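Residues per chain, in single letters:
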Amino acid sequence: MKDEAPQVVFLIDGKPVTDQLLSHRLPTGLSSETPEIRYEDYFCALRAALGQGSWEPLRHSLAELIGEWARSGQIRRVSVDSVKHGALYDVAKVTVRGDAGTYALAVNSARDPRRHGDLEREWNTLRSLARTPAAPYLPRGLYRGSGLWRDVRDEERPFRFFLAPWFEGFHEWHMEKGGDGTAQGVRVWDESPSGRVLSDAQACCLLEQAAYVLTLALDREGFRHIYPWHHAAGDFILCLQDQKVAVRLISARNQTVFIAPGPQRHERLSAVTAFFFALTFRLRLDRDQGTGDFVWAPSRWLGAAVKGFLRGWEDGKVSTEPLSTEEILTAFQSFDVADWETVGRLLEEDLVVDAEEGSVVSHRIPEHARDLSQLFARELATLTSRAVPATHDRG
């Protein structure tokens with residue numbers, strides 16, 4: 001007996017769509033070159049792509065998640081919720097209800113042909129990172145496919161997409177700019193009207209866990225690491241439970257090496273230092289509300305990022321690792337401000353993810369060098385104490 005076609009529901013930010021909304025064009029984030037599409041055509045394109053082969057993309061994803069038996073179950077309801085549209089991808093939450101239960105998936109789609117290669121690289125990057133200690137904190141690529149969509153001129157164009165698990169209960173967040181360009185706080189974009197502002201302790205926990213995840217994802221043999229990533233793009237999301245903070249990295253566009261580790265001990269230390277400086281620098285840079293002026297995390301949060309790196313280095317170590325955490329700390333403690341600034345200037349081009357960041361990156365390198373030098377001079381005991389491990393019991 002043939003399964004009945006599932007009920008398909010379309011939403012925008014969790015709310016039912018209206019005919020008026022369907023005629024609106026999707027936002028394009030900071031990009032003015034992304035091809036324009038109406039919500040109606042976006043939803044139709046996703047419904048057609050996900051519905052291929054009796055909803056095979058969804059069946060395959062469920063089989064990857066919970067077992068092959070889920071492939072044969074009937075799908076009774078599919079809701080497609082348009083949640084985010086950026087310069088690279090459109091993101092929708094797809095909730096599948098059927099015999100196997102109810103599961104939420106993320107569908108990342110690239111309608112701009114210039115972004116098809118980006119999506120392909122991200123798929124391959126996520127699949128490779130699934131074999132690393134960082135896997136619990138990253139999306140898992142479940143299904144990759146393609147489809148067709150119609151632009152505002154009714155021209156048919158190809159798009160590509162992939163499916164991953166949806167991190168339920170996690171939200172985007174951004175630093176908020178103070179008078180001098182330094183962050184005065186972090187606001188979480190949850191379901192409340194104005195969001196929720198983190199305490200200083202929670203903001204520190206956020207940066208510590210972000211550093212921990214990125215360090216766990218570091219390839220300890222060749223020093224490939226996740227790059228680029230950006231707070232302004234919403235790459236890290238968080239979940240608040242009482243006062244606890246859980247963090248996930250929802251994007252891994254590619255991997256690169258800043259300085260390759262050579263066979264000598266000092267060469268490996270140089271590679272570690274480059275990774276560490278870039279990690280802690282980038283963790284401090286955001287845009288106000290995600291798209292506004294650049295904002296810089298205060299020095300009082302920096303120690304948390306350093307502690308996250310140290311925990312990640314220790315927890316992600318391999319049996320052949322020649323450098324101990326203590327040896328790295330001793331080296332970092334010996335660096336003065338000029339040493340750290342030399343590292344920053346050597347990496348300056350790599351520290352710039354978006355072209356508009358160039359001047360702010362150049363301006364902040366000396367400050368970051370000074371902050372690191374002062375931190376290692378006065379807080380070594382605090383940095384070496386282990387913090388609460390990053391949680392991964394949700395999503």
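Residues numbered from 1 in each chain as written. Predicted model: local features only at pLDDT ≥ 70, side-chain atom pairs only at ≥ 80, totals over all residues. Heavy atoms only, no water.

Student: Outline the packing of aromatic side chains, supporting the account with residue identities and numerical values.
Tutor: All chains considered together, the criterion is met by 26 aromatic pairs. Their ring planes at 50 degrees and their centres at 6.3 Å tell us that F223 and W313 sit as a pair that is tilted. With F223 in the loop between α5 (200-216) and β11 (225-226) and W313 in helix α7 (residues 302-315), this pair connects stretches of sequence that are 90 residues apart. There is no split in this pair, since F223 and W313 are both buried. The ring centre of W313 lies 3.5 Å from the NZ or CZ of R220, which sits over that ring. One cation-aromatic arrangement involves R287 over F294; the distance from NZ or CZ to the ring centre is 4.1 Å. (Phe/Tyr/Trp six-rings, centres within 6.5 Å; stacked < 30°, edge-to-face > 60°. Helix = DSSP H or I, 4+ residues; strand = E, 2+ residues; numbered from the N terminus. Buried < 20%, exposed > 50% of the residue type's maximum accessible area, 1.4 Å probe, protein only. Lys NZ or Arg CZ within 6 Å of the ring centre and 35° of its normal.)

Student: Please give an account of the pairing of strand β7 (residues 156-165) that cites residues and values.
Tutor: Pairing between strand β5 (residues 101-110) and β7: six bridges, direction antiparallel. If you follow V107 over to β7, its bridge partner there is L163. In terms of strand pairing, strand β6 (residues 143-150) meets β7 through eight bridges, oriented antiparallel. The partner of Y143 across the bridge, within β7, is L163. Where β6 folds back on β7, the antiparallel hairpin that results is connected by five residues, among which D154 adopts a positive phi of roughly 65 degrees. (Pairing = 2+ DSSP bridges.)

Student: How would you sum up the pattern of salt bridges? Please name residues and give values.
Tutor: A side chain of one charge can pair with a side chain of the opposite charge if their charged atoms are brought near each other. Counted according to the given criterion, the structure contains 33 salt bridges. Across the salt bridge formed by E56 and R71, the nearest N and O atoms sit 2.4 Å from each other. Of this pair, E56 sits in helix α3 (residues 52-66) while R71 sits in the loop between α3 and β3 (75-85); the two residues are 15 residues apart in sequence, bridging distant segments of the chain. By relative accessible area, E56 is classed as partly exposed at 26%. Residue classification places R71 among the partly exposed positions, given a relative accessible area of 23%. Between D293 and K177 there is a salt bridge, with the nearest N and O atoms lying 3.1 Å from each other. With D293 in the loop between β15 (285-287) and β16 (294-296) and K177 in strand β8 (residues 173-177), this residue pair connects regions lying 116 residues apart in the sequence. Overall, D293 belongs to the partly exposed group, its relative accessible area being 49%. Among the charged side chains, a network of salt bridges with common partners joins D151, R153, E155 and R157. (Salt bridge = Lys/Arg side-chain N within 4 Å of Asp/Glu carboxyl O.)

Student: Quick rundown of the pairing of strand β12 (residues 236-241)? Include the residues and the values.
Tutor: Across the six residues of β12, five count as buried, placing the element largely inside the fold. Of the strand pairs in this sheet, β12 and strand β13 (residues 244-249) are connected by six bridges, and their pairing is antiparallel. Pairing of C239 across the sheet is with A246, part of β13. Connecting the antiparallel pair β12 and β13 is a turn made up of two residues, with D242 showing a positive phi of about 60 degrees.

Student: How would you sum up α7? Please name residues and give values.
Tutor: Given 3.6 residues per turn, any residue in an α-helix points the same way as the ones three and four places further on. In this model, α7 (14 residues) spans 20 Å end to end at C-alpha, consistent with the 20 Å of a helix rising 1.5 Å per residue. In terms of burial, α7 is a largely internal element, twelve of the 14 residues being buried. Restricting attention to buried positions, one finds in α7 the residues L302, G303, A304, A305, V306, K307, G308, F309, L310, R311, G312 and W313. (Expected span 1.5 Å × (residues − 1).)

Student: Talk me through the sheet that holds strand β4 (residues 90-98); I want residue IDs and the actual numbers.
Tutor: Strands pair in a sheet through their backbones, by hydrogen bonds, and they do so in one of two ways: parallel or antiparallel. Read across the open sheet, the seven strands follow the order β2-β1-β3-β4-β5-β7-β6; overall the sheet is mixed. Strands at the two margins of the open sheet, each flanked by one partner only, are β2 (15-16) and β6. In the packing of helix α2 (residues 39-50) onto the sheet, contacts are made with β1 (7-12), β3, β4, β5, β6 and β7, and the angle to β3 comes to roughly 135 degrees. (Contact = heavy atoms within 4.5 Å. Axes fitted to C-alpha atoms, helices over the stretch in contact; angles between N-to-C directions.)

Student: Outline the side chain of H368, listing residues and values.
Tutor: Along the chain, H368 falls in helix α11 (residues 358-378). Contacts of H368, omitting those with residues within four sequence positions, involve F277, T280, F281, R284, W296 and L302.

Student: Got a sec to walk through the sheet that holds strand β10 (residues 196-197)? Specific residues and values, please.
Tutor: The strand order across the open sheet built from three strands is β8-β9-β10, with neighbouring strands paired in antiparallel fashion. Single-partner strands in this sheet number two, and they are β8 and β10. Here two bridges tie strand β9 (residues 183-188) to β10, and the two strands are oriented antiparallel to one another. For V188, the partnering residue across the bridge sits in β10 and is R196.

Student: I'd love a proper account of the nonpolar core, names of residues and values included.
Tutor: Ranked by internal contacts, the top residues of the largest apolar core, which has 80 residues, are I226, L238, F277, W301, F309, F332 and W340. Of the residues forming this core, the biggest block, ten residues, is contributed by α5. Contacts of F332, omitting those with residues within four sequence positions, involve V272, T273, F276, F309, W340 and F376. Y39, L50, L62 and I75 belong to the second-largest nonpolar core, a separate cluster that totals 30 residues. (Core = buried A, V, L, I, M, F, W, Y, C linked by side-chain atoms within 4.5 Å.)

Student: Please give an account of unusual backbone geometry that cites residues and values.
Tutor: A cis amide bond links Y227 to the next residue, P228, at an omega of 5 degrees. Mapped onto the secondary structure, P228 falls in the loop between β11 and β12. Backbone geometry places D13, a non-glycine residue, at a positive phi of 55 degrees. Following the sequence through the fold, D13 ends up in the loop between β1 and β2. Backbone geometry places S54, a non-glycine residue, at a positive phi of 55 degrees.

Student: Just give me the short version of empty space enclosed by the protein, but keep the residues and values in it.
Tutor: Tallied over the full model, the rule gives four cavities of 30 Å³ or more. Taken as a whole, the largest cavity encloses approximately 90 Å³ of empty space. Lining the largest cavity are L214, H225, I226, Y227, W229, F258, F275, A278, L279 and R282. With four residues, helix α6 (residues 265-282) is the largest single contributor of residues to the lining of the largest cavity. Looking at the lining of the largest cavity, its residues break down into eight nonpolar, one polar and one charged. As for the second largest cavity, its lining consists of I37, Y42, A45, L46, D90, S109, A110, R111, W149 and F159. Breaking the lining of the second largest cavity down by element, the ones donating at least two residues are α2 and β5. Examining the composition of the lining of the second largest cavity, we find that three residues originate from one element, α2, more than from any other. (1 Å grid on protein atoms, 1.4 Å probe; cavity = no way out; pocket = protein on both sides within 12 Å on 5 of 7 lines; lining within 4 Å. Points joined across faces, edges and corners; volume = space filled by probe spheres on them. Nonpolar A, V, L, I, M, F, W, Y, C, P; charged D, E, K, R; others polar.)

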